[in-house]
Amino acid sequence: MKAAWPRLAMLLPGMLAPGAVGLALQDTGQAVSEFPDFVPVGRFGVLNGDSTLMFGRLSGLAVDMERGIVFVVDELAHKLSAVTKEGRFLTWGGGRGEGPGELIGPKAVEVSGSEVHVLDAWNHRVTRYEMGSATLRYMDQTRLPTSGGWEFCLFDGDYLILKHEHTLGGRTIHRFDRAGSVKSSFGVPFLEGDAAMLSLTDAGLLACDSANRRVYAASTAVPRVHGYSGDGTLLWTTGLPGVEGAVIERTAAGVKWSLPEGKSTFGSVVTLSIVPQGQLLVQYEEQEWEQGVGDGPVVGSFLIDAASGVILATSEYGELPRISTFGGGYAYGAVAAPVPEVRVYEWRQRGRQ
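Residues numbered from 1 in each chain as written. Predicted model: local features only at pLDDT ≥ 70, side-chain atom pairs only at ≥ 80, totals over all residues. Heavy atoms only, no water.

Enquirer: When you look at the overall build of the protein chain in this model, what are you seeing that I'm missing?
Expert: A count of helical and extended segments in the protein chain gives zero helices and 28 strands. Counting all 353 residues of the protein chain, 54% fall into the buried class. Partitioning the contacts of the protein chain with sequence separation of at least 6, the portion at a separation of at least 24 is 48%. Summed over its atoms, the accessible surface of the protein chain is roughly 15000 Å², and 50% of this surface lies on carbon and sulfur atoms. (Helix = DSSP H or I, 4+ residues; strand = E, 2+ residues; numbered from the N terminus. Buried < 20%, exposed > 50% of the residue type's maximum accessible area, 1.4 Å probe, protein only. Contact = heavy atoms within 4.5 Å. Areas by Shrake-Rupley, 256 points an atom, 1.4 Å probe, with all protein chains shown as cover.)

Enquirer: Looking at this structure, how should I read the sheet that holds strand E10 (residues 125-131)?
Expert: With respect to topology, four strands assemble into an open sheet ordered E8-E9-E10-E11, the strand pairing being antiparallel. Lying at the two open borders of the sheet, with one neighbouring strand each, are strand E8 (108-112) and strand E11 (136-143). Across this sheet, the average inter-strand angle for adjacent strands is 25°, counted without regard to direction. Sheet topology note: the E8/strand E9 (residues 115-120) ladder contains five bridges and is antiparallel. From the neighbouring strand, Ala 108 faces E9, where its bridge partner is Leu 119. (Pairing = 2+ DSSP bridges. Axes fitted to C-alpha atoms, helices over the stretch in contact; angles between N-to-C directions.)

Enquirer: When you look at the pairing of strand E23 (residues 279-288) in this model, what are you seeing that I'm missing?
Expert: Of all ten residues making up E23, nine are buried, and the element is well covered by its neighbours. Bridge count between strand E22 (residues 265-275) and E23: ten bridges; the pairing is antiparallel. In the strand pairing of E23, Thr 271 is matched with Gln 283. Counting the residues in the hairpin turn of E22 and E23 gives three residues, including Gly 278, whose phi is positive at 75°. Where E23 lies against strand E24 (residues 298-305), seven bridges are found, and the strand directions are antiparallel. Paired with Leu 280 across the bridge in E24 is Ile 304.

Enquirer: Quick question: what am I supposed to make of the packing of aromatic side chains here?
Expert: One pair of aromatic rings is described through two measures. These are the centre distance and the angle between the planes. By the definition in use, this model includes nine aromatic pairs. Here the aromatic rings of Tyr 129 and Tyr 138 are separated by 6.4 Å at their centres, their planes lie at 75°, and the arrangement is edge-to-face. According to the relative accessible area criterion, Tyr 129 is buried, its value standing at 2%. For the ring pair Tyr 284 and Phe 302, a centre distance of 6.2 Å and an interplane angle of 35° mean the geometry is tilted. Here the residue Tyr 284 occupies a position in strand E23, and Phe 302 occupies one in strand E24, the gap between them amounting to 18 residues. Across the pair, Phe 302 and Tyr 284 agree in class, each one buried. (Phe/Tyr/Trp six-rings, centres within 6.5 Å; stacked < 30°, edge-to-face > 60°.)

Enquirer: Looking at this structure, how should I read the side chain of Asp 74?
Expert: Tracing the sequence through the fold places Asp 74 in strand E5 (residues 69-74). There is no salt bridge for the buried Asp 74, and the closest opposite charge comes from Lys 79, which lies 6.2 Å off by N-O distance. A polar contact of 2.5 Å, which involves the side chain of Asp 74, links it to the backbone nitrogen of Gly 56. Of the polar contacts made by the side chain of Asp 74, one reaches the backbone nitrogen of Leu 76; its length is 3.0 Å. If we ignore the near neighbours within four places in the chain, the residues touching Asp 74 are Met 54, Phe 55, Gly 56, Arg 57, Ser 59, Lys 79 and Pro 106. (Lys, Arg positive; Asp, Glu negative; His and termini not counted. Salt bridge = Lys/Arg side-chain N within 4 Å of Asp/Glu carboxyl O. Polar contact = N/O pair within 3.5 Å; in protein donor to acceptor, adjacent residues only side chain to side chain.)

Enquirer: Looking at this model, I keep getting lost on the sheet that holds E24. Mind explaining?
Expert: Strands pair in a sheet through their backbones, by hydrogen bonds, and they do so in one of two ways: parallel or antiparallel. The antiparallel open sheet is built from four strands, whose spatial order is E22-E23-E24-E25. With one partner strand each, in any of the chains shown, E22 and strand E25 (311-315) form the two edges of the open sheet. Within this sheet the neighbouring strands show an average axis-to-axis angle of 20°, counted without direction. Across four bridges, the pairing between E24 and E25 is antiparallel. Bridge pairing links Ser 301 to Ser 315 in E25.

Now the structure itself:
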């Protein structure tokens with residue numbers, strides 16, 4: 001299936017949330033920007049590496065750019081693996097459990113210097129390890145007053161957790177210090193309409209840019225991306241033209257999810273990553289109703305200006321690989337089929353040598 005819009009398009013202002021910059025895709029035929037070139041340079045997983053790299057379900061990637069180490073969390077194996085970008089296994093930490101250093105269904109990972117931070121969602125905490133030359137050592141943990149959340153990132157040494165909480169003002173993004181104290185809460189809901197559906201906003205993606213003092217969030221179910229300043233002020237909201245998300249409505253029996261009329265699939269946002277040149281890469285897939293999120297092929301991608309929310313370019317099916325994160329001149333993507341593995345790409349902005 002191919003996307004129904006031009007590969008490159010220009011944007012004109014439209015109408016969206018109050019106080020945000022609204023953008024509507026226009027077919028002008030004028031190229032604003034182009035996607036980077038992605039050249040495959042490596043991959044690691046069960047079929048092409050050490051048997052210790054037999055992944056169950058890849059739920060997060062982070063890169064230590066100075067040492068060229070990729071940290072991978074596997075929510076089915078309940079562990080954190082450290083691998084060189086060339087695919088050589090170094091060590092692992094975790095293991096299923098509730099004790100110090102153990103994990104249950106880890107959801108995301110971040111790295112800061114020698115410290116590796118894992119969102120141990122089912123244990124309601126962030127677990128920290130120290131990466132040595134070839135070992136991971138458990139350091140300590142931060143208990144979270146929320147029920148966990150599924151996505152987080154680091155911002156000025158604090159944790160931003162994506163989780164709707166009625167007890168924290170009904171907001172969706174919460175900033176915690178390393179002691180677990182709430183410093184602030186912000187974020188508009190991803191869903192339109194009835195406030196009773198706010199509890200569905202847990203399913204989303206989050207990215208932090210401490211250097212430029214910005215935070216970005218996207219829902220998996222609603223084709224929309226939000227940009228915030230570091231203090232939580234909404235800067236812009238951008239819809240993803242042509243992406244039909246699941247239909248979500250409230251009924252007497254509760255919240256009902258359904259497919260768009262006349263379709264057997266719905267559009268699900270699966271990646272949100274910061275491109276070093278001040279841009280965001282947002283990718284989505286056409287998801288079968290019974291299929292797990294993140295298991296299908298990427299159908300389309302959007303390149304967004306991180307400062308303004310303007311969509312600079314779009315790509316059609318098959319033109320871009322799935323990209324999870326950028327680091328040190330390389331891009332890394334986690335794929336689920338035919339087997340869970342990490343793919344490594346050298347990337348270059350078009351027109352740059």
